[in-house]
Amino acid sequence: MQQITEILENKRNIEHLAEAFARDRLSHAYIINGPAGSGKKTFARYFAAALLCDKMHGGGDDGQTDLFSMFAIEKPKEARLSDGPCGSCPACAKSLSGNHPDIIFLKREKEKVIQVGEVRQQIIDDVSIKPYYGPYKIYIVEDAHLMNESAQNAILKTIEEPPEYVIIFLLSENADSFLDTIRSRCIRLDMEKLSRDTIMDYLKDRLGVSGPQAERAAAYARGNLGEAIDLSVSQESAETIQGAVDVLKKLKTMNAADIFDEAAAFGKEDPAQILKVSRMWFRDILVLKAEGKDLHSELYFPAEKEALKRFSDNVAYEKLENVMKAIDTAQTRLEANVKAEAVLEVLFLTIRRNIKW
């Protein structure tokens, strides 16, 4: 248990929850906010396990710890806990195997929406049933930002007046999308980005990823462990990113026909990915240009530092700013459902016009 939670960092959020527990001031509802892959589900699962651990509530025998020790953070004197989570008691065994009856994950039928019927059946109609095993009954709603307005209104009364044993974790990629009445009644915890070294160590030690591959993935992921893992284990993702980098490197010499072909190909694959890669690529060029030296550890694409340096030496600030604005415009158009191929054609042509030397 400690090994898993060590990668979470997020000490500020952990300390907040630990102190609230110590003072018997836990909220009944939390919004855990962060992008996909930022560790929201892991955070919720393991904190739920901590709250339900037998030793936290006086059960078990040896090996007593406390919540702060579990998360490897210094304990403030006024918030000391005893008989904390151990990872080996019966409750922890149930939690870590995904079989604890008092940790309930909401299941949804449709990919893009959480419907009111699902909230009513799985949460509202269930909260009156007391916990089967532990002192709490914990509901975890993944992608809670997908709750439609009816579903949010339905869960509101439960958030306002829950039984004392209920805790609800709403995991969200966009906390601002919730109704004001939901946001005002929940404690919001924003997931913190992991350090590049933490991600690299995890990829190498846990997944056996090679040093250079782990470095590339950690640099590209920008503090998002899930994205780094995907990049490390998915050949398709790695090829898509490398393909985007290859296009950006040669855009200045491509003719219009080739540009249209590349735009069509990326438009069918993952247009959002090419925009992300483009923004990071030109950000690296700007960093090198501004600093006037090789900042290997600061680059998203450290393996491409020689190519990036050539661009930084030969492209003026004004032209780079034009490119960054074009990427922002392309993002806006893509979000407005403009045809991806057309968006990328305009972007690639704009980039070529500004980076020729």
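All of these numbers come straight from a predicted model, not from anything done at the bench.

1. Structural notes on the overall build of the chain
Helix and strand counts for the chain stand at 17 helices and five strands. Each of the 357 residues in the chain was classed as buried or not, and the buried ones make up 48%. Contacts in the chain between residues far apart in sequence, at least 24 positions, make up 73% of those at least 6 positions apart. A total accessible area of about 17,500 Å² is found for the chain, and carbon and sulfur atoms account for 45% of it.

2. A closer look at the packing of helix α9 (residues 196-207) against helix α11 (residues 225-233)
Two elements in contact, α9 and α11, have axes whose closest approach is 10 Å; the angle formed by their N-to-C orientations is 50°. Accordingly, the angle class assigned to the pair α9 and α11 is oblique. In this structure, the crossing between α9 and α11 has a hand that is right-handed. Counting all contacts with α9, which are made through Ile-199, Tyr-202, Leu-203 and Leu-207, the residues of α11 involved are Leu-225, Ala-228, Ile-229 and Ser-232. Tallied by class, residues from the contact of α9 with α11 come to seven nonpolar, one polar and no charged.

3. Quick notes on the packing of aromatic side chains
Counting across every chain of the model gives six aromatic pairs. Seen in terms of ring centroids, Tyr-30 and Phe-169 are 5.8 Å apart; in terms of plane orientation they differ by 35°. Their pairing is tilted. With Tyr-30 in strand β1 (residues 29-33) and Phe-169 in strand β4 (residues 166-172), the pair connects residues that are 139 residues apart, well separated along the chain. Grouping residues by exposure puts Tyr-30 and Phe-169 together as buried. Taken together through their ring pairs, the aromatic side chains of Tyr-220, Trp-281, Phe-301, Phe-311 and Trp-357 make up a single cluster. For the cation-ring pair, Lys-41 lies above Phe-105, with the distance from its terminal atom to the ring centre recorded as 5.5 Å. When the ring centre of Trp-357 is taken as reference, the NZ or CZ atom of Lys-252 above it lies at 4.3 Å.

4. Re unusual backbone geometry
Backbone geometry at Asp-143 places phi at a positive 50°, although glycine is not the residue there. With respect to the helices, strands and loops of the structure, Asp-143 is situated in the loop between β3 (137-141) and α7 (149-160). A positive phi angle is found at Asn-337, which is not glycine, with a value near 70°. For Asn-337, the position within the fold is in the loop between α16 (317-335) and α17 (340-355). A relative accessible area of 70% means that Asn-337 is categorised as exposed.

5. Examining the nonpolar core
Nonpolar side chains tend to gather and get buried jointly when the protein is soluble and globular. Grouped together as the largest cluster of nonpolar side chains are 52 residues, with contacts concentrated most on Leu-251, Trp-281, Phe-282, Phe-301, Leu-347 and Phe-348. With eight residues, the top contributor of residues to this core is helix α14 (residues 271-291). In contact with Trp-281, other than residues within four places in its own chain, are Val-245, Leu-248, Lys-249, Phe-301, Glu-304, Ala-307, Leu-308 and Phe-311. Counting residues in hydrophobic clusters, the runner-up holds 27 residues, among them Ile-32, Met-56, Ala-91 and Tyr-136.

6. Description of the side chain of Glu-118
Along the chain, Glu-118 falls in helix α6 (residues 116-124). One buried charged side chain, Glu-118, makes no salt bridge at all; its nearest oppositely charged neighbour is Arg-108, positioned 6.6 Å away. Looking at Glu-118, its side chain comes within polar contact range of the main-chain nitrogen of Glu-109, at 2.7 Å. A polar contact of 2.9 Å, which involves the side chain of Glu-118, links it to the backbone nitrogen of Gln-115. Leave out the neighbours within four places in its chain, and Glu-118 touches Leu-106, Lys-107, Arg-108, Glu-109, Lys-110, Val-113 and Ile-123.

7. Concerning a nonpolar patch on the surface
Taken together, the side chains of Ile-129, Tyr-132 and Tyr-133 define a hydrophobic patch exposed on the protein surface, amounting to about 320 Å² of accessible area. Along the polypeptide, Ile-129 turns up in the loop between α6 and β3.

8. Side note on the environment of Gly-267
Inspection of the secondary structure assignment puts Gly-267 in helix α13 (residues 256-269). Counting along the chain gives 76 residues from Gly-267 to Val-343, while the straight-line C-alpha distance between them is 8.4 Å. Once residues within four sequence positions are removed from consideration, Gly-267 is found in contact with Ala-340, Glu-341 and Leu-344.

What counts and what doesn't
Residues numbered from 1 in each chain as written. Predicted model: local features only at pLDDT ≥ 70, side-chain atom pairs only at ≥ 80, totals over all residues. Heavy atoms only, no water. Helix = DSSP H or I, 4+ residues; strand = E, 2+ residues; numbered from the N terminus. Buried < 20%, exposed > 50% of the residue type's maximum accessible area, 1.4 Å probe, protein only. Contact = heavy atoms within 4.5 Å. Areas by Shrake-Rupley, 256 points an atom, 1.4 Å probe, with all protein chains shown as cover. Axes fitted to C-alpha atoms, helices over the stretch in contact; angles between N-to-C directions. Parallel < 35°, antiparallel > 145°, perpendicular 65-115°, else oblique. Left-handed = near helix turned anticlockwise from the far one by under 90°. Nonpolar A, V, L, I, M, F, W, Y, C, P; charged D, E, K, R; others polar. Phe/Tyr/Trp six-rings, centres within 6.5 Å; stacked < 30°, edge-to-face > 60°. Lys NZ or Arg CZ within 6 Å of the ring centre and 35° of its normal. Core = buried A, V, L, I, M, F, W, Y, C linked by side-chain atoms within 4.5 Å. Lys, Arg positive; Asp, Glu negative; His and termini not counted. Salt bridge = Lys/Arg side-chain N within 4 Å of Asp/Glu carboxyl O. Polar contact = N/O pair within 3.5 Å; in protein donor to acceptor, adjacent residues only side chain to side chain. Patch = residues over 30% accessible without salt bridge, like charges linked within 9 Å, V, L, I, M, F, W, Y side chains within 5 Å.

Function cannot be read off these values alone, since they describe shape.
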